[in-house]
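Residue strings, one per chain:
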Amino acid sequence: MGVAVEKLDIKKYLREKQKIVVQALDELMLPAEGVFADHIRAMRYSLFAGGKRVRPILCLAAGTAVSDDGGVEQSLLPVACALECIHTYSLIHDDLPAMDNDDLRRGNPTCHKKFGEAEAILAGDGLLTYAFDLLSNPAHGRGLPDTSRLAIIHTIARAAGSPGMVGGQALDMAAEGRKIEFDHLRTIHRSKTGALITASVLAGALGGGADESQLAAMRRFGDSVGLAFQIVDDLLDVISTTEELGKPAGSDEAQHKATYPAFFGVENTRQLAEQAVAESLAALERFDHRADPLRALARYIVDRTR
Ligand code: GRG
């Protein structure tokens, strides 16, 4: 398995898939024209401001891991794009003055800095809603059976909403300036960041026709990768520069936020990230070479520098 992870050129794979996702986003996102042009321009600004596209790529890779159908990636593209729309909305709203009040995102001025606060709120609302338009629009069915599509919609809605990302954000906001236990931090991480990452993997697996035991394994994979992602995010905030991150570094400490490095120190945090990746790889043990991109993505998530 270790060999398989090394065999795949993850940088090349990411470049290829990022290009496919960005092209699909451009085709599937509403055009900035007509009476709503200004509003749609704000949505598109944040959507195309860069970003690693981790969630859509995890979705495509999970579909490929469980399917023999060479067309599965094409069928999953609207789902992948919907995940990126939801993620981008969460970043726009997270940056607002009422939340993290950040000026920089993906190396560019945040949506509210560029378009004003009201338009940024609406751009986020528009992206969230458009995600479900994409997911449910039969015109974008392209091979996904309705039962799979319904299961995907439910999985993503649950993960993005109050039992997932939105709830996690609410817990995070409520914890600001308070001393919290580690268990509570883990709950925040799992819901705020982990839930959408797990849903991205599950959505891909559902689209690829995974059976119950494959779905259970994919859930374990997604949960561990989501945790690794958040641990590394905490770590990068401490060890990287604003230039490298494209968003303000050191902001967790400045806001007295509870993080993995604050609880365990930098070195132990690194080890915890490694442990989470090892768990994610163990979850994929029963999958063949078609899961190699997923394995390589798990590795990339801890090795990344932004
Ligand atoms: C406002 C409802 C609502 C939710 C916000 C995701 C989130 C919840 C807040 C973002 C705050 C944050 C920095 C979380 C840490 C993990 C994370 C989601 C990082 C950003 O995701 P990346 O690294 O970003 O995938 P790019 O720009 O590459 O897409």
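First things first, this report covers the structure right here in the doc. (Residues numbered from 1 in each chain as written. Predicted model: local features only at pLDDT ≥ 70, side-chain atom pairs only at ≥ 80, totals over all residues. Heavy atoms only, no water.)

1. Considerations on the packing of aromatic side chains
Threshold: Under the pairing criterion, centres of Phe, Tyr and Trp rings, with the six-membered ring standing for Trp, must be within 6.5 Å; the plane angle then separates stacked pairs below 30 degrees from edge-to-face pairs above 60, leaving the rest tilted. A run of DSSP states H or I qualifies as a helix once it reaches four residues; a run of E qualifies as a strand once it reaches two. Both are numbered from the N-terminal end. Exposure classes here rest on a 1.4 Å probe applied to the protein chains alone. A residue is buried below 20% of its type maximum, exposed above 50%, and partly exposed in between. Geometrically, a charge over a ring is one whose NZ (Lys) or CZ (Arg) sits within 6 Å of the ring centre while staying within 35 degrees of the ring normal.
Enumeration according to the criterion identifies 6 aromatic pairs in this entry. When the centroid spacing of 5.3 Å and the interplanar angle of 80° are considered together, the rings of Phe182 and Tyr260 count as edge-to-face. Within this pair, whereas Phe182 is found in helix α10 (residues 182-207), its partner Tyr260 is found in helix α14 (residues 260-264), the two being separated by 78 residues in sequence. What makes Tyr260 buried here is its relative accessible area of 3%. With a centroid separation of 5.6 Å and an interplanar angle of 70°, the aromatic rings of Phe182 and Phe263 are classed as edge-to-face. You can see Phe182 sitting in helix α10 and its partner Phe263 sitting in helix α14, a full 81 residues away along the chain. Among the residues examined, Phe182 registers a relative accessible area of 21% and is labelled partly exposed. Three or more aromatic residues link up through ring pairs in this structure, and these residues are Phe182, Tyr260, Phe263 and Phe264. In this structure, Arg55 packs its charged tip against the face of Phe229, placed 5.2 Å from the ring centre. A cation over an aromatic ring shows up here: Arg304 above the ring of Phe229, its NZ or CZ 4.0 Å from the ring centre.

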